[in-house]
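Descriptive analysis of the structure
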Amino acid sequence: MPLATPSPTLAPPTILPAAPCGQQLCSARLCSTLLSSAPGRPPPPCPPPPSSCCHHSPLIALRGWGPQGWTHPTVAPEPSWSDGRKVGRRTPEPEVGSVPGSLTTSSSTIQAMGIKTALPAAELGLYSLVLSGALAYAGRGLLEASQDGAHRKAFRESVRPGWEYIGRKMDVADFEWVMWFTSFRNVIIFALSGHVLFAKLCTMVAPQLRSWMYAVYGALAVLGTMGPWYLLLLLGHCVSLYVASLLGQPWLCLGLGLASLASFKLDPLISWQSGFVTGTFDLQEVLFHGGSGFTVLRCTSFALESCAHPDRRYSLADLLKYNFYLPFFFFGPIMTFDRFHTQMSQVEPVRREGELWRIRAQAGLSVVAVMAVDIFFHFFYILTIPSDLKFANRLPDSALAGLAYSNLVYDWVKAAVLFGVVNTVARLDHLDPPQPPKCITALYVFAETHFDRGINDWLCKYVYDHIGGEHSEVIPELGATVATFAITTLWLGPCDIVYLWSFLNCFGLNFELWVQKLAELGPLAQIEASLSEQMSRRVRALFGAMNFWAIIMYNLVSLNSLEFTELVARRLLLTGFPQTTLAILFVTYCGVQLVKERERTLALEEEQKQDKEKPE
């Protein structure tokens, strides 16, 4: 974390849990601070990590990083628990616009943090030129490597025939992505289209019953997909947490929720419960772990909200309507019960002006992203190359760095597409779901790193904020992050690679606070005060560049393999030092400066918007 000036109010850091994959980490991302899936950003159990790279649904695994913050204000009544936010302290350069009203500090404070500090246009132009040239150079190296390795024996399993008419093969290493858009494409379209049509009919005929209709349709879809015994299994977990909520003890509800989650992550209970699924099909394990894992989180949220608001007397029917909403059921994102219940209880919901246009735009972007990924995989075999370490070691340093970076970008795209499709359907149902993850390219602090905002909200609200308080003290913050990552580890499925991932990201999050505290000490604070605002921004960007690569390396562990991560670290930091190391650091510095410029623009726009809304 770059040197930070003292800030009167510190927001919590973002913690993203990594998502467990079918047999590996699902990249749902509880990203570098929690959840990723990271795509993978809800996770199946995590066995020992294989040597090949692992890519799974960002939804199911939380995208292998940490939770994220919301982008829209909640309309739910003010709960007794703290509002869900990103796990992680507010950094000097926060995610502008992620929470309306976040830029409420005084102008002088913002100026001191460097958000409004502008750099010369020529300097920014140089940064853009350097970054564009570096990306193009690294991309050319990856393209050549993909062409050279297309016929390697080690690539045969994951590089299959594609566009034969131009002689291009396709990288199919991510079995989830391939199945979503090949064998299961029609099933997914049919199920979601049926939900949309059913929802529209219910809204026209009996809008007061729409929440019941959604629940019935969702339960029938689960019944048809996974069988009656799986449905009864989930109902058993729902009832047990509902009964616990009647006792009004939050510690009991959270403990029982974690025990239920553990039963889906640890043997022998996981083997016993998986036997309740009837039939066999390719995505069975993914759907089993996604549906059961998210069910436990939703039921725990219901129980904790019931304890926090005993006067509202939520019923078992409210829990079932919350849990069996089909678009969120298998892959999330998760909305805390208070937000979902408030929004779904609106008898005659009204759309905001221009909302339908935004929904169409989101749907169009999701389609374009799917097409772009399909084209990309015909030219760049970024998922297959890391599985062949001998071949990867022959790549130029620039191509190897680009390969590591592109793996995280793909995981973000995967999560964004998955959340984009689900959120489009949810918005048609007049819900305001958690936003898609923030692009990895714009992340240069652990406090902003995450791939699943929904799980981030859940963890922050019920664990991280509850323990960490103001997140300004070292010891309480350490306790809060350890507890949060412990739950994230359970969510992803305990195994060696998850333990390592959790430790690294927990350390990164706390290290930022330690550096911030160090920067507040007299000598360092005086040094920064003696610098001009532009120079202070440059110093912060330099620290941000180093942090950016720490985020990539820490999360590459879960997305690929420990061996590939070691290879990248050795080549970029040891054998490539100092030329490669300094060159990549400078390119990253240029990228961070451009991100900061974007944040500055958004901050100014937000300030102008707030000024217009102020009464004369």
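Refer to the structure above for everything that follows.
Residues numbered from 1 in each chain as written. Predicted model: local features only at pLDDT ≥ 70, side-chain atom pairs only at ≥ 80, totals over all residues. Heavy atoms only, no water.

1. Some details on the packing of aromatic side chains
All told, the structure shown has 35 aromatic pairs when counted by the stated rule. Each ring, one from W180 and one from F331, has its centre 5.9 Å from the other, and the planes form 70°; the classification is edge-to-face. Taken together, the residues span a long stretch of sequence, with W180 in helix α4 (residues 175–180) and F331 in the loop between α12 (326–329) and α13 (337–344) at a distance of 151 residues. Accessibility classification places W180 together with F331 in one group, the buried group. Here Y230 and F288 contribute two aromatic rings whose centre-to-centre distance is 5.6 Å and whose plane-to-plane angle is 50°, an arrangement assigned as tilted. Taken as a pair, Y230 in helix α7 (residues 228–246) and F288 in helix α10 (residues 284–308) lie far apart in primary sequence, 58 residues in all. Here Y230 matches F288 in class, with each residue buried. Through pairs of rings, three or more aromatic residues link up here, namely Y214, Y242, F302, Y314, Y322, Y325, F328, F337 and F340. The aromatic ring of W491 is capped on one face by K265, whose charged end is 5.3 Å from the ring centroid. (Phe/Tyr/Trp six-rings, centres within 6.5 Å; stacked < 30°, edge-to-face > 60°. Helix = DSSP H or I, 4+ residues; strand = E, 2+ residues; numbered from the N terminus. Buried < 20%, exposed > 50% of the residue type's maximum accessible area, 1.4 Å probe, protein only. Lys NZ or Arg CZ within 6 Å of the ring centre and 35° of its normal.)

2. Considering the pattern of salt bridges
Summed over all chains, the structure comprises 13 salt bridges. Put simply, E123 and R538 hold a salt bridge, and the shortest N to O gap is 2.8 Å. Taken together, the residues E123 in helix α3 (residues 121–149) and R538 in helix α21 (residues 533–559) connect sequence positions 415 residues apart. A salt bridge links D388 to R152; its shortest N-O distance comes to 2.8 Å. One end of the pair, D388, is in the loop between α14 (355–377) and α15 (389–392); the other, R152, is in the loop between α3 and β5 (159–163), with 236 residues separating them in the sequence. A relative accessible area of 9% places D388 in the buried class. On the accessibility criterion, R152 (22% relative accessible area) is partly exposed. A single network of salt bridges, built from pairs that share partners, joins D174, E176 and K414. (Salt bridge = Lys/Arg side-chain N within 4 Å of Asp/Glu carboxyl O.)

3. Digging into the layout of surface pockets
Space inside the second largest pocket adds up to approximately 990 Å³. As for the second largest pocket, its lining consists of 34 residues, of which R185, I188, I189, L192 and V421 are closest to the centre. Where the lining of the second largest pocket is concerned, the elements lending two or more residues are α4, α5 (185–205), α6 (210–226), α12, α14 and α16 (397–428). By residue number, the principal contributor to the lining of the second largest pocket is α5, which donates 9 residues. Considering only residue class, the lining of the second largest pocket consists of 29 nonpolar, 4 polar and 1 charged. A domain-level breakdown of the lining of the second largest pocket finds at least three residues from each of domain 1 (112–173 + 355–611) and domain 2 (182–345). (1 Å grid on protein atoms, 1.4 Å probe; cavity = no way out; pocket = protein on both sides within 12 Å on 5 of 7 lines; lining within 4 Å. Points joined across faces, edges and corners; volume = space filled by probe spheres on them. Nonpolar A, V, L, I, M, F, W, Y, C, P; charged D, E, K, R; others polar. Domains from an automatic or database assignment.)

4. Re the packing of helix α17 (residues 453–468) against helix α18 (residues 474–492)
In contact at an axis separation of 8 Å, α17 and α18 are set at 145° when each is read in the N-to-C sense. Considering the relative orientation of α17 and α18, their crossing is right-handed. Residues I455, L459, V463, Y464, I467 and G468 of α17 touch α18, and the partners they reach there are P476, E477, G479, A480, T481, A483, T484, I487, T488 and W491. (Axes fitted to C-alpha atoms, helices over the stretch in contact; angles between N-to-C directions. Left-handed = near helix turned anticlockwise from the far one by under 90°. Contact = heavy atoms within 4.5 Å.)

5. Points about the environment of F198
Positionally, F198 belongs in helix α5. Residues F198 and Y214, spaced 16 residues apart in sequence, show a C-alpha to C-alpha distance of 8.2 Å. Residues within four places of F198 in sequence aside, it is in contact with M213 and Y217.

6. Focus: the nonpolar core
The biggest cluster of nonpolar side chains holds 129 residues, and the ones touching the most others in it are I385 and W549. The leading source of residues in this core is α16, at 13 residues. Taken domain by domain, this core gets at least three of its residues from each of domain 1 (112–173 + 355–611) and domain 2 (182–345). With residues up to four places along the chain from it excluded, the contact list for I385 reads A145, S146, F155, F391, A392, L395 and L403. (Core = buried A, V, L, I, M, F, W, Y, C linked by side-chain atoms within 4.5 Å.)

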